[in-house]
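This is what each chain is made of:
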Amino acid sequence: MMIKTIRVMLIPNNKQKTKLFQYANTARFAYNWALGREQENYKNGGKFISDGDLRKEFTQLKKTDEYVWLKSVSNNVTKQAIKDACIAYKNFFKGKSKYPRFKSKKKTRPSFYQDNVKIKFTNTHVKFESFSSSKKRNKAKLNWVRLAEHGRVPTDIDIKYMNPRVTFDGIHWWISVGIECPDNEEIPMNDGIGIDLGIKDLAICSDDHTYKNIHKSKTIKKLEKRKRRLQRSISRKYENNKKGESYCKTSNIIKREKELLKVNHRLTNIRKNYLHQTTSEIVNRKPRFICIEDLNVKGMMKNRHLSKAVQQQGFFEFKRQIEYKCKNNNIQMVIADRFYPSSKLCSCCGTIKKDLKLSDRIYKCDCGNVIDRDFQASINLRRYGEQFAF
Ligand SMILES: [Zn+2]
């Protein structure tokens, strides 16, 4: 069995938004409380307190007047938060992770867990536990939050939802949930594909498919422009409102910063979606293997003009996606050795053209071979892959 994680945006109404924040706050409180108890206990020479014991203690806490507000949130939310804190604490002792930190209201993203048995999905909505405890139909509606994408989460009766988590990214709420999928046993039989990653085009495939560079699309250019304008205007406003040494945040700045965050989100989403589309398309052609080059070399060689970080990120994300999609589809993945001269090699006679410049878009060889440089690189990569594929 394979586990696939699905993430969908939520469209809560105002009452539901309040509930979501309340749940996240309570989860944070329970996490910090549990971590504090473990620390205190350790200082006093005690051993690790099991999460079961902590949960019992927490139930007692809820009965006191001071903490009566904890009762308005579903039990499972705090239960899991305590469990998370215990796991973080244990991992630290096993040397697996850093000393766990308390979750701060400002710095940590609001998030909480939903019970995986009680959660329910329809094509359009997700049901949360005890947003409303009323049985009246119009009040029980509060439990059902609208999903931005319809039909994305499977709703079969026998399906198991795993580790449902709800998070707020600064603008929107999201739900992510793991789903068991049967293993894919089909072995792809089509020709292997070599992929050359580039700047002018994102990916050139040896089976003659080319995927454009989305950074040059109108939508992205427009968004980038808006982003720069917002950044400039924000920093100008900060300067204008500077009081002595300290900067102050006016409501206008807050508004603009929110807008900037939105623009950045859109950019990231568009880029990521495009990469997903591209990698899925390639994998769906069912090649026996896919061969790409070592990205460390690529990054250094070609990233001179375009905004480096963004481009590089794109390459690594591309590789990450291809890698796991290959794995899910039983496609062998071959990474060419970093010294393999995929661009400089003539695909006809095997000569290596040492003085090939970055500006030479067309490769001309003495043997008579004239070919697009990047397309040839993809052909060479396919051949390279052939040596290593079963
Ligand atoms: Zn040649």
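Residues numbered from 1 in each chain as written. Predicted model: local features only at pLDDT ≥ 70, side-chain atom pairs only at ≥ 80, totals over all residues. Heavy atoms only, no water.

1. Some thoughts on the confidence of the model for the protein chain
In this model, the protein chain carries an average pLDDT of 88, and 95% of its residues clear a pLDDT of 70 or more. Mean pLDDT across the elements of the protein chain bottoms out in helix α7 (residues 295-302) (56) and peaks in strand β11 (residues 289-292) (96). (pLDDT = per-residue confidence, 0-100. Helix = DSSP H or I, 4+ residues; strand = E, 2+ residues; numbered from the N terminus.)

2. Some words on the packing of aromatic side chains
In the structure shown here, the tally under the stated rule is 21 aromatic pairs. On the basis of an interplanar angle of 5° and a centroid distance of 4.9 Å, the ring pair of Phe 128 and Phe 131 is categorised as stacked. Owing to a relative accessible area of 3%, Phe 131 belongs among the buried residues under this scheme. Aromatic rings pair up to connect Phe 21, Tyr 23, Phe 112, Phe 128, Phe 131, Phe 168 and Trp 173 into one cluster. (Phe/Tyr/Trp six-rings, centres within 6.5 Å; stacked < 30°, edge-to-face > 60°. Buried < 20%, exposed > 50% of the residue type's maximum accessible area, 1.4 Å probe, protein only.)

3. Considerations on the pairing of strand β12 (residues 332-335)
Burial along β12 is one-sided: Gln 332 and Val 334 are buried, while Met 333 and Ile 335, pointing the other way, are not. The sheet contact formed by β11 and β12 spans four bridges and is parallel. Its bridge partner lying in β12, Phe 289 is registered against Gln 332. (Pairing = 2+ DSSP bridges.)

4. Regarding the pairing of strand β8 (residues 193-197)
Counting buried positions along β8 gives five out of five residues, so the element sits mostly inside the fold. Neither face of β8 is open: one carries Ile 193, Ile 195 and Leu 197, the other Gly 194 and Asp 196, and all of them are buried. Pairing of β8 with strand β9 (residues 201-205) involves three bridges; the strand directions are antiparallel. Bridging from a neighbouring strand, Asp 196 pairs with Ile 204 of β9. Linking β8 to β9, which pair antiparallel, is a turn of three residues.

5. Considerations on the coordination of the zinc ion
On the protein side, the zinc ion has Cys 346 (SG), Cys 349 (SG), Cys 365 (SG) and Cys 367 (SG) as donor atoms, found 2.2 to 2.3 Å from it. Note that the zinc ion binds four donor atoms; their angles at the metal cover 105 to 113°, and the shape is tetrahedral. Taken in sequence order, the residues that donate to the zinc ion follow the motif C-x2-C-x15-C-x1-C. Of this pair, Cys 346 sits in the loop between β12 and β13 (362-364) while Cys 365 sits in the loop between β13 and β14 (370-372), and the two are 19 residues apart along the sequence. (Donors = N, O, S within 2.8 Å, 3.2 Å for Na, K, Ca; no water. Tetrahedral: all angles 85-135°; square planar, octahedral: opposite > 155°, others 65-115°.)

6. Quick look at the sheet that holds β9
One open sheet accounts for five strands, arranged β10-β9-β8-β11-β12; its pairing is mixed. Taken across any chain shown, the strands that pair with only one partner, and hence form the sheet edges, are β10 (210-212) and β12. For this sheet, the mean inter-axis angle between neighbouring strands, taken without regard to orientation, is 20°. Pairing of β9 with β10 involves three bridges; the strand directions are antiparallel. Among the inter-strand pairings, Asp 201 is bridged to a residue of β10, identified as Lys 212. On the sheet, helix α6 (residues 251-284) packs against β8, β9, β10 and β11 and is oriented at approximately 175° with respect to β10. Contacts from helix α9 (residues 373-388) reach β8, β9, β11 and β12 within the one sheet, and its direction differs from that of β8 by about 135°. (Axes fitted to C-alpha atoms, helices over the stretch in contact; angles between N-to-C directions. Contact = heavy atoms within 4.5 Å.)

7. Side note on the sheet that holds strand β2 (residues 111-113)
Ordered in space as β2-β6-β7-β1-β5-β4-β3, the seven strands form an open sheet in which the pairing is antiparallel. One side of each edge strand has no neighbouring strand; the edge strands of this open sheet are β2 and β3 (120-121). Sheet analysis places β3 next to strand β4 (residues 125-127), joined by two bridges and oriented antiparallel. Residue pairing across strands places Phe 121 opposite Val 126, the latter belonging to β4. Across the sheet, helix α1 (residues 14-43) touches β1 (2-11), β2, β5 (144-147), β6 (161-168) and β7 (173-181), and the angle it forms with β2 is around 80°.

8. Re helix α2 (residues 51-63)
For α2, built from 13 residues, the straight-helix expectation of 18 Å at 1.5 Å per residue is met to within 8% by its first-to-last C-alpha distance of 19 Å. Where α2 is concerned, the buried positions are Leu 54, Phe 58, Leu 61 and Lys 62. For α2, the angular spread of buried residues about the axis comes to 95°, placing them on one side. Turned more than 90 degrees away from the buried face of α2, the exposed residues are Lys 56 and Lys 63. At its buried positions, α2 is contacted by α1 and α3 (75-93). (Expected span 1.5 Å × (residues − 1). Arc of directions from axis to C-beta.)

9. A short note on the packing of α1 against α2
Each pair of packed helices gets described by two things: the angle between the helix axes and the distance between those axes. Where α1 meets α2, the closest approach of the two axes is 11 Å, and the angle between their N-to-C directions is 120°. One element, α1, and the other, α2, form an angle in the oblique class. Between α1 and α2 lies a crossing whose hand is right-handed. Contacts between α1 and α2 involve Phe 29, Ala 30, Trp 33, Ala 34, Arg 37 and Glu 38 on the former and, on the latter, Leu 54, Glu 57, Phe 58 and Leu 61. Here the contact of α1 with α2 is composed, by residue class, of seven nonpolar, no polar and three charged. (Parallel < 35°, antiparallel > 145°, perpendicular 65-115°, else oblique. Left-handed = near helix turned anticlockwise from the far one by under 90°. Nonpolar A, V, L, I, M, F, W, Y, C, P; charged D, E, K, R; others polar.)

10. Quick word on the nonpolar core
Counting 42 residues, the largest nonpolar core has Leu 10, Phe 112, Phe 121, Val 126, Phe 128 and Ile 175 as the members making the most contacts within it. Residue assignment for this core shows that the elements contributing at least two residues are β1, α1, α2, α3, β5, β6 and β7. Sort the elements by how many residues they give to this core and α1 lands first, with nine residues. Judged by nonpolar contacts, the second largest core, of 30 residues, contains Ile 193, Ile 270, Ile 322 and Ile 331. (Core = buried A, V, L, I, M, F, W, Y, C linked by side-chain atoms within 4.5 Å.)

11. Brief notes about a positive patch on the surface
On the surface, a cluster of positive charge is made up of Lys 225, Arg 226, Arg 228, Arg 229, Arg 232, Arg 236 and Arg 266. For the positive patch, the element with the highest residue contribution is helix α5 (residues 218-240), accounting for six residues. Along the chain, the position of Arg 266 falls in helix α6. By relative accessible area, Arg 266 is classed as partly exposed at 45%. (Patch = residues over 30% accessible without salt bridge, like charges linked within 9 Å, V, L, I, M, F, W, Y side chains within 5 Å. Areas by Shrake-Rupley, 256 points an atom, 1.4 Å probe, with all protein chains shown as cover. Salt bridge = Lys/Arg side-chain N within 4 Å of Asp/Glu carboxyl O. Lys, Arg positive; Asp, Glu negative; His and termini not counted. Charge placed at Lys NZ, Arg CZ, Asp CG, Glu CD.)

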